[in-house]
Number of protein chains: 2
Amino acid sequence: MNRTLTLNYCVEPFSEDHTGSLRWGVLGNLLLRTASLHAAAHGFGYDDMIRTGHVWVLSRLVIEMDRMPRTGETFRLSTWVPSFYRQFTDRLYTVATAQGQPLGHARSVWALIDTQTRRPLNLENLPGGGFTSVLEPRSVPVAPPGRIHVDTTTPARTLTAGYCDLDINGHVNSIRYIEMALDLLGPERYDTLRPQRVEAAYAAEACMGDRLCLFRQDNSPAEGAVEIRSADGRSLFKTLVAFAPL
Amino acid sequence: MNRTLTLNYCVEPFSEDHTGSLRWGVLGNLLLRTASLHAAAHGFGYDDMIRTGHVWVLSRLVIEMDRMPRTGETFRLSTWVPSFYRQFTDRLYTVATAQGQPLGHARSVWALIDTQTRRPLNLENLPGGGFTSVLEPRSVPVAPPGRIHVDTTTPARTLTAGYCDLDINGHVNSIRYIEMALDLLGPERYDTLRPQRVEAAYAAEACMGDRLCLFRQDNSPAEGAVEIRSADGRSLFKTLVAFAPL
């Protein structure tokens with residue numbers, strides 16, 4: 001079986017932003033969807049894992065887009081797993097035109113959590129070598145995630161996690177945090193800029209009804225960071241967004 | 001050409017709510033997407049209309065779901081136009097299982113607006129009879145929308161319309177208002193109830209950065225209404241939601 005899964009998508013009506021480009025939220029969920037289908041095809045998808053009391057948890061996500069596909073445009077999304085190490089596995093992505101010209105790339109880091117103990121498994125100790133047979137040691141031209149610092153002490157906005165924010169596990173959807181942050185870093189930036197690199201770090205989960213405090217830090221016109229903390233001050237999520245001219 | 005467009009969809013990973021059912025927001029945008037493709041196939045889609053300086057504007061939307069499709073389930077979405085009258089056209093929808101068993105229905109009312117004057121066209125006066133040749137006079141078992149009253153005077157929540165809320169016209173996406181309202185009507189209801197009928201009325205548009213004031217009115221545990229008003233008190237959106245046991 002091919003170690004890389006490639007699926008074709010189209011920028012469909014009602015999946016664009018106000019400039020006619022694919023929405024970041026839609027792209028993010030398509031990355032997760034394709035990852036999920038790739039994992040399922042290789043026997044380590046959501047259903048396989050939940051059966052043994054485990055669940056994949058997203059730890060880091062970096063998306064860099066040189067150009068977003070435009071309304072009506074067909075694009076290809078490819079994903080593969082290049083490596084794992086102790087509690088983490090990398091997963092990479094390429095977004096390309098229908099002709100295979102790269103539009104952008106993404107990298108993500110996942111942990112496999114025991115749903116009872118909430119502790120991560122050591123992926124190097126899995127029976128039968130674990131995911132070794134799936135590995136495809138090919139890289140992407142995206143700098144790995146670094147540490148994100150948000151020093152702001154006053155929340156710029158507070159939100160309540162709602163029914164429509166949830167994923168199937170009852171937690172706020174990973175991509176929804178990115179949308180909340182992109183919203184907060186506007187509106188003025190979006191007249192002349194577009195997100196070019198979005199780096200996200202996931203620390204803890206939020207449930208329906210939880211109060212989310214959003215802290216905004218503008219490093220420059222072309223770079224902003226957002227941290228989302230719980231009402232009691234725990235860090236849930238951080239993101240660093242680099243903008244490029246429209 | 002068939003006057004009804006039917007497309008197959010699947011409840012894909014990351015399109016479910018916390019119970020494993022298709023998210024209302026995803027369903028809503030699929031209704032609009034299918035409508036858009038149906039209109040384009042018959043020569044009156046977004047591109048056709050924008051070319052002559054017109055745009056379709058959603059005025060009313062009612063969705064009733066006896067059962068939401070579940071994770072991994074394939075479902076069919078059909079749409080057709082039964083009638084038009086002066087400034088408005090009806091558009092109906094059926095959501096069904098892969099075997100054709102109805103899961104729910106929807107009805108919507110649209111106006112065709114001149115992008116310069118923002119005034120609706122009289123659809124009965126279009127050249128060549130307008131959309132007459134497309135009409136499919138078949139109904140759905142969904143009560144038409146009524147008047148929605150929200151008498152609350154203190155906002156339960158205020159939000160700022162953000163970059164990720166926008167549609168291709170630069171206005172808050174029609175379905176996003178419904179998500180904001182469903183979020184506000186929780187969280188406690190969603191432990192035992194699910195939305196069964198969502199009735200939405202669109203009065204005016206909001207842009208990025210606009211302050212949205214959400215007014216909540218609980219008519220009963222099984223019925224809630226939400227009105228969204230602009231900072232200067234103009235009504236933008238109203239919805240009435242009926243809940244059914246999970």
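The structure we're discussing is the one just above.
Quick look at the structure, then. (Residues numbered from 1 in each chain as written. Chains lettered and ligands numbered in written order. Predicted model: local features only at pLDDT ≥ 70, side-chain atom pairs only at ≥ 80, totals over all residues. Heavy atoms only, no water.)

1. Here we look at the overall build of chain A
- When you go through chain A residue by residue, the secondary structure sums to three helices and 11 strands.
- Element order for chain A, N to C, with α for helix and β for strand: β-α-α-β-β-β-β-β-β-α-β-β-β-β.
- By the compact-globule yardstick of 18 Å for 246 residues, chain A fits well, its C-alpha radius of gyration being 18 Å.
- Principal-axis analysis of the C-alpha atoms places the extent of chain A at approximately 55 × 50 × 30 Å.
- When burial is assessed residue by residue, chain A has 55% of its 246 residues classed as buried.
- Total accessible area on chain A stands at roughly 10300 Å², and carbon and sulfur atoms take up 51% of it.
- For chain A, the distance from the average site of its 25 positive side-chain charges to the average site of its 26 negative ones is 3 Å. (Helix = DSSP H or I, 4+ residues; strand = E, 2+ residues; numbered from the N terminus. Rg over C-alpha atoms; globule rule 2.2 N^0.38 Å. Buried < 20%, exposed > 50% of the residue type's maximum accessible area, 1.4 Å probe, protein only. Areas by Shrake-Rupley, 256 points an atom, 1.4 Å probe, with all protein chains shown as cover. Lys, Arg positive; Asp, Glu negative; His and termini not counted. Charge placed at Lys NZ, Arg CZ, Asp CG, Glu CD.)

2. Regarding the side chain of Ser174(A)
- On the secondary structure map, Ser174(A) appears in helix H3 (residues 174–184).
- Excluding anything up to four places from it in sequence, Ser174(A) contacts Leu32(A), Leu58(A) and Tyr202(A). (Contact = heavy atoms within 4.5 Å.)

3. Quick word on the state of the cysteines
- Counted by the stated rule, this structure contains zero disulfides over all chains.
- Cysteine Cys164(A) shares no disulfide, and the gap to the nearest cysteine sulfur, in Cys164(B), comes to 15 Å. (Disulfide = S-S within 2.5 Å.)

4. Let's talk about the interface of chain A and chain B
- Across the boundary between the two partners, chain A contributes 36 residues, which contact 36 residues of chain B.
- Buried area between chain A and chain B, summed over both chains or domains, comes out near 3300 Å², and the portion from carbon and sulfur atoms is 63%.
- On the chain A side of the interface with chain B, the three residues burying the most area are Phe14(A), Tyr163(A) and Cys164(A), jointly 23% of the side's total.
- Inspection of the chain A/chain B interface yields two salt bridges.
- Our count for the chain A to chain B interface comes out at eight residue pairs in polar contact (both at pLDDT 80 or more).
- At the level of elements, helix H1 (24–41), strand E7 (157–160) and H3 of chain A are the ones that each hand at least two residues to the side of chain A that touches chain B.
- It is H1(A) that contributes the most residues to the side of chain A that touches chain B, six residues altogether.
- Among the residues forming the side of chain A that touches chain B, the class breakdown is 15 nonpolar, 10 polar and 11 charged. (Buried area = accessible area lost by both parts, 1.4 Å probe. Salt bridge = Lys/Arg side-chain N within 4 Å of Asp/Glu carboxyl O. Polar contact = N/O pair within 3.5 Å; in protein donor to acceptor, adjacent residues only side chain to side chain. Nonpolar A, V, L, I, M, F, W, Y, C, P; charged D, E, K, R; others polar.)

5. Thoughts on the packing of helix H1 (residues 24–41) of chain B against helix H3 (residues 174–184) of chain B
All names here are of chain B.
- Between H1 and H3, the shortest axis-to-axis distance is 9 Å and the interhelical angle comes to 160°. Judged by the angle between their axes, H1 and H3 are roughly antiparallel. Our pair here, H1 against H3, has a crossing hand that is right-handed. Only Ser174, Ile175, Glu179 and Leu182 of H3 make contact with H1, whose side of the interface consists of Trp24, Gly25, Gly28, Asn29 and Leu32.
- In the contact of H1 with H3, the residues fall into four nonpolar, four polar and one charged. (Axes fitted to C-alpha atoms, helices over the stretch in contact; angles between N-to-C directions. Parallel < 35°, antiparallel > 145°, perpendicular 65-115°, else oblique. Left-handed = near helix turned anticlockwise from the far one by under 90°.)

6. Let's talk about the relation of the copies chain A and chain B
- Rotating chain A by 180° and translating it 0.0 Å along the rotation axis places it on chain B, where the RMSD comes to 0.0 Å. These values place the two chain copies in the arrangement generated by a two-fold rotation axis. Using C-alpha coordinates, one finds that chain A approaches the rotation axis most closely at Leu159(A), a distance of 4.1 Å.
- Of the residues that chain A buries at the interface, 100% are likewise interface residues in chain B, meaning the two copies contact each other through the same surface. (Least-squares fit on C-alpha atoms with pLDDT ≥ 70 in both.)

7. Overview of the environment of Ser83(B)
Residues and elements named next belong to chain B.
- Mapping Ser83 onto the fold places it in the loop between strand E3 (74–80) and strand E4 (84–85).
- Distance from Ser83 to Thr132, taken between C-alpha atoms, is 8.2 Å for residues 49 residues apart in sequence.
- For Ser83, the contacting residues outside a window of four places in its chain are Thr89, Asp90 and Leu135.

8. Brief notes about the pairing of strand E10 (residues 223–230) of chain A
Residue and element names in this part refer to chain A.
- Of all eight residues in E10, seven are buried, a share of seventy percent or more.
- In terms of strand pairing, strand E9 (residues 211–220) meets E10 through eight bridges, oriented antiparallel. Of the residues in E10, the one forming a bridge with Gln217 is Ala225.
- Remark: two residues form the turn of the hairpin made by E9 and E10, two consecutive strands paired antiparallel.
- By the bridge criterion, seven bridges tie E10 to strand E11 (residues 235–245) in an arrangement that is antiparallel. Paired with Gly224 across the two strands is Val241, which belongs to E11.
- Connecting E10 to the next strand, E11, in antiparallel fashion are four residues, including Gly233 with a positive phi near 90°. (Pairing = 2+ DSSP bridges.)

9. Examining the environment of Leu193(A)
- Following the sequence through the fold, Leu193(A) ends up in strand E8 (residues 193–202).
- Apart from residues lying up to four places away in sequence, Leu193(A) is in contact with Pro221(A), Phe243(A), Ala244(A), Pro245(A) and Leu246(A).

10. Remarks on the packing of aromatic side chains
- Tallied over the full model, the rule gives 20 aromatic pairs over all chains.
- Taking 5.2 Å as the distance between ring centres and 50° as the angle between the ring planes, the aromatic pair formed by Tyr202(B) and Phe237(B) counts as tilted. Within this pair, whereas Tyr202(B) is found in strand E8 (residues 193–202), its partner Phe237(B) is found in strand E11 (residues 235–245), the two being separated by 35 residues in sequence.
- Exposure remark for Tyr202(B): the relative accessible area of 14% places this residue in the buried category.
- For Phe237(B), a relative accessible area of 0% gives the class buried.
- A network of ring pairs unites the aromatic residues Phe44(A), Trp56(A), Phe84(A) and Phe131(A) as a single cluster.
- Residue placement shows Arg138(B) over the ring face of Trp80(B); its charged tip is 3.9 Å from the ring centre. (Phe/Tyr/Trp six-rings, centres within 6.5 Å; stacked < 30°, edge-to-face > 60°. Lys NZ or Arg CZ within 6 Å of the ring centre and 35° of its normal.)

11. Regarding the pattern of salt bridges
- Inspection of the entire model under this criterion finds 28 salt bridges over all chains.
- Note that Glu227(A) is salt-bridged to Arg229(A), the shortest N-O span being 3.2 Å.
- Classification of Arg229(A) by relative accessible area gives buried; the value is 15%.
- Among the ionic pairs, Arg176(B) bridges to Asp165(B), the shortest N-O distance being 2.7 Å. Residue Arg176(B) is located in helix H3, and its partner Asp165(B) is located in the loop between strand E7 (157–160) and H3; the two are separated by 11 residues in the primary sequence.
- Given the relative accessible area of 12%, Arg176(B) is considered buried.
- The exposure class of Asp165(B) is buried, given its relative accessible area of 4%.
- Taken together, the salt bridges that share partners define one network made up of Glu188(A), Arg189(A), Arg216(A) and Asp218(A).

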